[in-house]
Amino acid sequence: MFYRETGQFKTSYVADSQIFPIRQDRIGVGLLLAVAFLLVPLVASEYWFSALLIPFLVFALAALGLNILTGYCGQLSLGSAAFMAVGAYAAYNFQLRIEGMPILLSFVLGGLSAAAVGVLFGLPSLRIKGFYLAVATLAAQFFVVWVLTKFSWFSNNSSSGVIDAQKLEMFGYAIDTPLQKYLFVLVIVSVMALLAKNLVRSSTGRAWMAVRDMDVAAEVIGIPLMRTKLLAFAVSSFYCGMAGALYAFCYLGSVEPDGFSLDLSFKILFMIIVGGVGSILGSFLGAAFILLLPIFLDNLLPPLATLLHLPFTNASVSHIQMMVFGGLIIFFLIVEPNGLARLWQIAKEKLRLWPFPH
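Residues numbered from 1 in each chain as written. Predicted model: local features only at pLDDT ≥ 70, side-chain atom pairs only at ≥ 80, totals over all residues. Heavy atoms only, no water.

Caption draft 1: Seen up close, the overall build of the protein chain. Helix and strand counts for the protein chain come out as 14 helices and 4 strands. The C-alpha atoms of the protein chain give a radius of gyration of 21 Å, which matches the 21 Å a tight globule of 358 residues would have. Taken along the three principal axes of its C-alpha coordinates, the protein chain extends 65 × 65 × 45 Å. Considering the protein chain as a whole, with its 358 residues, one finds that 43% of them fall into the buried category. Carbon and sulfur atoms form 69% of the exposed surface of the protein chain, whose accessible area is close to 18,700 Å². (Helix = DSSP H or I, 4+ residues; strand = E, 2+ residues; numbered from the N terminus. Rg over C-alpha atoms; globule rule 2.2 N^0.38 Å. Buried < 20%, exposed > 50% of the residue type's maximum accessible area, 1.4 Å probe, protein only. Areas by Shrake-Rupley, 256 points an atom, 1.4 Å probe, with all protein chains shown as cover.)

Set out below in structure tokens:
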């Protein structure tokens, strides 16, 4: 009853093909954006902005990039953190070496640099796939970190490879408070998520999904495999590069090559597994789940250990977190492979029928 399309008539092709064809979805997205842009800045503290909301948006953008490649095009990748590193260091160098470079343009150029690297390491996808392709992208993870550490030019001759991000400034206005950084990141992530939603609904997105489902059949019906796969690597790496630039400039402020380790790539992969592979919403749900679960366990386990008289230490809490992560990934792979996004879709289908049984 709450999610029926009854009375919603579409009298044109434009109305039928709009991004949110159901009125309830348009209202829900509008309310969500209103809460994010208007309500959250009024009630959230600086700690929430710095420690929760900004990293959530950054990792959601990185997970969105990986979801485009893995979820929609079916190409496995373990190099997401490497492409984030390319975006972060490229944006830093554009700001450093070109005087007067707008910060937003630096981010875009950093994303394009990551896209170029992604295309380079996506070339093996033309011959191999599956776990073999995952190993090829794993090479990007180690190669990029080695290059950034070995060649000090990328870090402005820093011996350790650490860079300190420049100050954010747009149109002469400094972006230095946690609230301003949150709004800055929120605008970028919202626009890029909307672009991704439209992209996967286009002919390009349908070509990606055809390659994902069966690449031989896609080639038979005229889809060029080389261009389709490399475009997926380019777009995915661009999103990860933008996320890396935001990660360095808006979240940490200072990064090093080892900070973009293989663990970070696996973390992003876990986000799309838990949130939902092949889902824009799943990227956000997975990022929220992976980031909030450790905080929840940190606040739950010590009181629980005290109540049950268990000798929990900080190391024990960390180990339990890893066990919970592993258990949840196995759970979602077995019980609901499509993740949290599928559960939300099932809930909407139930709302269409409620209170009737059929």
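Caption draft 2: A look at the state of the cysteines. All told, the structure shown has 0 disulfides when counted by the stated rule. As a non-bridged cysteine, C73 has C240 as the owner of its nearest cysteine sulfur, 14 Å distant. A relative accessible area of 1% means that C240 is categorised as buried. (Disulfide = S-S within 2.5 Å.)

Caption draft 3: Quick peek at unusual backbone geometry. Within the chain, N156 stands out as a residue other than glycine whose phi angle is a positive 60°. With a phi angle near 65°, N157 is a residue other than glycine that sits in the positive phi range. Structurally, the position occupied by N157 is in the loop between α6 (131-150) and β1 (163-164).

Caption draft 4: A look at the layout of surface pockets. Volume-wise, the largest pocket comes out at about 2,000 Å³. Taken together, 49 residues form the lining of the largest pocket, with F20, V29, L32, I280 and L281 sitting closest to its centre. For the lining of the largest pocket, the secondary structure elements donating two or more residues are α2 (23-43), α3 (46-72), α7 (178-201), α12 (280-308) and α14 (339-353). Within the lining of the largest pocket, the residues separate by chemical class into 34 nonpolar, 8 polar and 7 charged. Taken as a whole, the second largest pocket spans an internal volume of roughly 440 Å³. Taken together, 15 residues line the second largest pocket, and the ones lying closest to its centre are K267, I290, P294, M322 and F325. Counting only elements with at least two residues in the lining of the second largest pocket, the list comes to α11 (262-275), α12 and α13 (314-334). Partitioning the lining of the second largest pocket into residue classes produces 10 nonpolar, 2 polar and 3 charged. (1 Å grid on protein atoms, 1.4 Å probe; cavity = no way out; pocket = protein on both sides within 12 Å on 5 of 7 lines; lining within 4 Å. Points joined across faces, edges and corners; volume = space filled by probe spheres on them. Nonpolar A, V, L, I, M, F, W, Y, C, P; charged D, E, K, R; others polar.)

Caption draft 5: Inspection of the packing of aromatic side chains at higher detail. Enumeration over the complete set of coordinates arrives at 13 aromatic pairs. Plain terms: the ring middles of Y247 and Y251 are 5.6 Å apart, the flat faces sit at 55° to each other, and that makes the pair tilted. With Y247 and Y251 both in helix α10 (residues 225-252) and 4 residues apart, this pair spans about one turn of that helix. Residue Y247 is classed as buried on the basis of its relative accessible area of 10%. These aromatic residues form a ring-pair network of at least three members: F59, Y247, Y251 and F260. Of note, R97 hangs over the ring of W153, and the distance from its end group to the ring centre comes to 4.0 Å. (Phe/Tyr/Trp six-rings, centres within 6.5 Å; stacked < 30°, edge-to-face > 60°. Lys NZ or Arg CZ within 6 Å of the ring centre and 35° of its normal.)

Caption draft 6: Region of interest: the nonpolar core. Ranked by size, the top nonpolar core spans 97 residues in total, and within it F107 and F260 carry the most contacts. Looking at which element gives the most residues to this core, the answer is α10, with 16 residues. (Core = buried A, V, L, I, M, F, W, Y, C linked by side-chain atoms within 4.5 Å.)

Caption draft 7: Seen up close, the environment of G205. Within the fold, G205 resides in helix α8 (residues 203-213). Residue class for G205 comes out buried when judged on its relative accessible area of 0%. When the C-alpha atoms of G205 and D25 are compared, they prove to be 21 Å apart, with 180 residues separating the residues in sequence. Ignoring sequence-local partners within four residues, the contact set of G205 consists of L199 and V200. (Contact = heavy atoms within 4.5 Å.)

Caption draft 8: Layout of the packing of α3 against α12. One way to put it is that α3 packs onto α12 with a least axis distance of 8 Å and a crossing angle of 135°. Viewed along their axes, α3 and α12 adopt a mutual orientation that is oblique. Viewed along their axes, α3 and α12 form a crossing whose handedness is right-handed. Across the interface between the two elements, L52, P55, F56, F59, A60, A63, L64, N67 and Y72 of α3 pack against I280, S283, F284, A287, A288, L291, L292 and I295 of α12. A per-class count over the contact of α3 with α12 returns 15 nonpolar, 2 polar and no charged. (Axes fitted to C-alpha atoms, helices over the stretch in contact; angles between N-to-C directions. Parallel < 35°, antiparallel > 145°, perpendicular 65-115°, else oblique. Left-handed = near helix turned anticlockwise from the far one by under 90°.)

Caption draft 9: Quick peek at α2. Across its 21 residues, α2 extends 28 Å between first and last C-alpha, which sits within 8% of the 30 Å expected from 1.5 Å per residue. Of all the bends in α2, the greatest, near 35°, is centred on V35. If you check which residues of α2 are buried, you get D25, A36, V40 and P41. The secondary structure elements touched by the buried residues of α2 are α3, α7 and α14. (Expected span 1.5 Å × (residues − 1). Bend = angle between axes of the 7 residues up to and from the residue.)

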